[in-house]
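Chain and residue survey
Now for the letters of each chain:
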Amino acid sequence: MKNTGFIFDLDGVIVDTAGYHYLAWKKLADELGIEFTEEDNEQFKGVSRQRCLEILLEMGNIEVEPEQFESWLKEKNEEYLTYIGKMDESEILPDVPKVLKYLIERNIPMALGSASKNAAPILEKVKLKPYFTSIVDGNAVTKAKPDPEVFLIAAKDLGVDPKHCIVFEDALAGIQAANTAGMISIGIGDPEILAEANFNFRDFTEIDNDFLNELINLEN
Ligand code: B16
Ligand code: MG
């Protein structure tokens, strides 16, 4: 039988930490006198911390020295970590554990492929870390999505041919990264935004075992 691997993004797929990112960015934006709304926060999804701060400063027409930039990055992350520290299993998105259990019972190797440098502690807080053979996060990559690097490293770690990898993603850049890697992309969220995905679902409650079996046995 063909070896299939499953790769999951974190924020927006397994847990919804976008609200915490928003609160932490909003606090910094307020300090800097930059208007920052939840709508603005949409463009931060799936984007690296560094790039988020660059965008925020562009919004406020602020230019800074590298040292100040690093200090604001640190400040934002420390605020974000105060929220992460309080997370527990109740914040796992609906039916995610059901899907992870189904796959692990069938010995399907799974990896995390996230832009977040906080991915491992978050998985620990929500007690899902044992499901993943490999965690490829913002510390492991040099190029951000839509570059396929994160997913290609995950495939290598799993020992699975990229064309036999299935990627679950909530950000368009992530879908594009999966497609460029030659993987099967599954959009979780708004099907219009994620129209480039091979398959689309609003969330995991729409994914049943028949579909998972189809993915496991997909001839591609
Ligand atoms: P951190 P994902 C992404 O997670 C978030 O969607 C994005 O908003 C955040 O800026 C990025 O992680 C970096 O996070 O500050 O924790 O390193 O969707 O790629 O799992
Ligand atoms: Mg995401």
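Because the structure is predicted, anything quoted here is derived from the model rather than measured. (Residues numbered from 1 in each chain as written. Chains lettered and ligands numbered in written order. Predicted model: local features only at pLDDT ≥ 70, side-chain atom pairs only at ≥ 80, totals over all residues. Heavy atoms only, no water.)

Let us look at the pattern of salt bridges. Tallied over the full model, the rule gives 14 salt bridges. Measuring nitrogen to oxygen at the nearest pair gives 2.8 Å for the salt bridge that ties Arg51 to Glu54. Separated by three residues within a single helix, Arg51 and Glu54 lie in helix α3 (residues 49-59), roughly one turn from each other. Residue Glu169 is joined to Lys145 by a salt bridge in which the shortest nitrogen-to-oxygen separation is 2.7 Å. (Salt bridge = Lys/Arg side-chain N within 4 Å of Asp/Glu carboxyl O. Helix = DSSP H or I, 4+ residues; strand = E, 2+ residues; numbered from the N terminus.)

Backbone hydrogen bonds hold the strands of a sheet together, and the pairing may be parallel or antiparallel. The six strands are arranged β3-β2-β1-β4-β5-β6 in an open sheet whose pairing can be described as parallel. For this open sheet the edge positions go to β3 (134-136) and β6 (199-201), each flanked by a neighbour on one side alone. Between one strand axis and the next, the sheet turns through 20° on average, direction left out of account. Lying over the sheet, helix α7 (residues 149-158) contacts β1 (5-8), β2 (110-113), β3 and β4 (165-169), oriented at roughly 140° with respect to β1. (Pairing = 2+ DSSP bridges. Axes fitted to C-alpha atoms, helices over the stretch in contact; angles between N-to-C directions. Contact = heavy atoms within 4.5 Å.)

Before going further, it helps to examine unusual backbone geometry. Note that the residue after Lys145, namely Pro146, is joined by a cis bond; omega there is 15°. Summarising the element assignment, Pro146 is placed in the loop between β3 and α7. Despite not being glycine, Asn107 shows a phi value in the positive range, around 60°. By the secondary structure assignment, Asn107 is in the loop between α5 (96-105) and β2. Among the residues examined, Asn107 registers a relative accessible area of 68% and is labelled exposed. (Buried < 20%, exposed > 50% of the residue type's maximum accessible area, 1.4 Å probe, protein only.)

Let us look at the packing of helix α1 (residues 18-32) against helix α4 (residues 66-84). Where α1 meets α4, the closest approach of the two axes is 8 Å, and the angle between their N-to-C directions is 140°. Considering the angle they form, α1 stands oblique to α4. Pair α1 / α4 crosses with right-handed handedness. Between α1, through Tyr20, His21, Leu23, Ala24, Trp25, Lys27, Leu28, Glu31 and Leu32, and α4, the contact on the second element is made entirely by Trp72, Glu75, Lys76, Glu79, Tyr80, Tyr83 and Ile84. For the contact of α1 with α4, the residue count by class is 10 nonpolar, one polar and five charged. (Parallel < 35°, antiparallel > 145°, perpendicular 65-115°, else oblique. Left-handed = near helix turned anticlockwise from the far one by under 90°. Nonpolar A, V, L, I, M, F, W, Y, C, P; charged D, E, K, R; others polar.)

A few words on the site of ligand 1. Around ligand 1, the surrounding shell holds 18 residues, and the nearest of these are Val47, Ala115, Ser116, Lys117 and Asn118. At 3.3 Å, a backbone N or O of Leu10 approaches an oxygen atom of ligand 1. At a separation of 2.7 Å, an oxygen atom of ligand 1 approaches a polar backbone atom of Lys117. Calculation on ligand 1 without its partners gives an accessible area of 470 Å², and the protein chains cover 98% of this total. Within the residue set of the shell around ligand 1, elements represented by two or more residues are α3 and α4. (Near = heavy atom within 4 Å. Polar contact = N/O pair within 3.5 Å; in protein donor to acceptor, adjacent residues only side chain to side chain. Areas by Shrake-Rupley, 256 points an atom, 1.4 Å probe, with all protein chains shown as cover.)

Looking at the magnesium ion (ligand 2), one finds its protein donor set to be Asp9 (OD), Asp11 (O) and Asp170 (OD), positioned 2.0 to 2.2 Å from the metal centre. Within one chain, the residues donating to the magnesium ion (ligand 2) are spaced in sequence as D-x1-D-x158-D. With respect to burial, Asp9 and Asp11 carry one shared label: buried. (Donors = N, O, S within 2.8 Å, 3.2 Å for Na, K, Ca; no water.)

Quick look at α1 now. When the terminal C-alpha atoms of α1 are compared, their 21 Å separation across 15 residues agrees well with the 21 Å that a helix rising 1.5 Å per residue should span. The set of residues buried in α1 consists of Ala18, Tyr20, His21, Tyr22, Ala24, Trp25, Leu28 and Ala29. The secondary structure elements touched by the buried residues of α1 are α2 (38-42), α3 and α4. Immediately beyond the C-terminal end of α1, within one or two residues, lies Gly33, with a positive phi of roughly 70°. (Expected span 1.5 Å × (residues − 1).)

Here we take up the environment of Ile84. Mapping Ile84 onto the fold places it in helix α4. We classify Ile84 as buried; its relative accessible area is 3%. Each C-alpha atom, one on Ile84 and one on Cys165, is 29 Å from the other, the two residues being 81 residues apart in sequence. In contact with Ile84, not counting residues within four places along its chain, are Thr17, Tyr20, Ile122 and Lys125.

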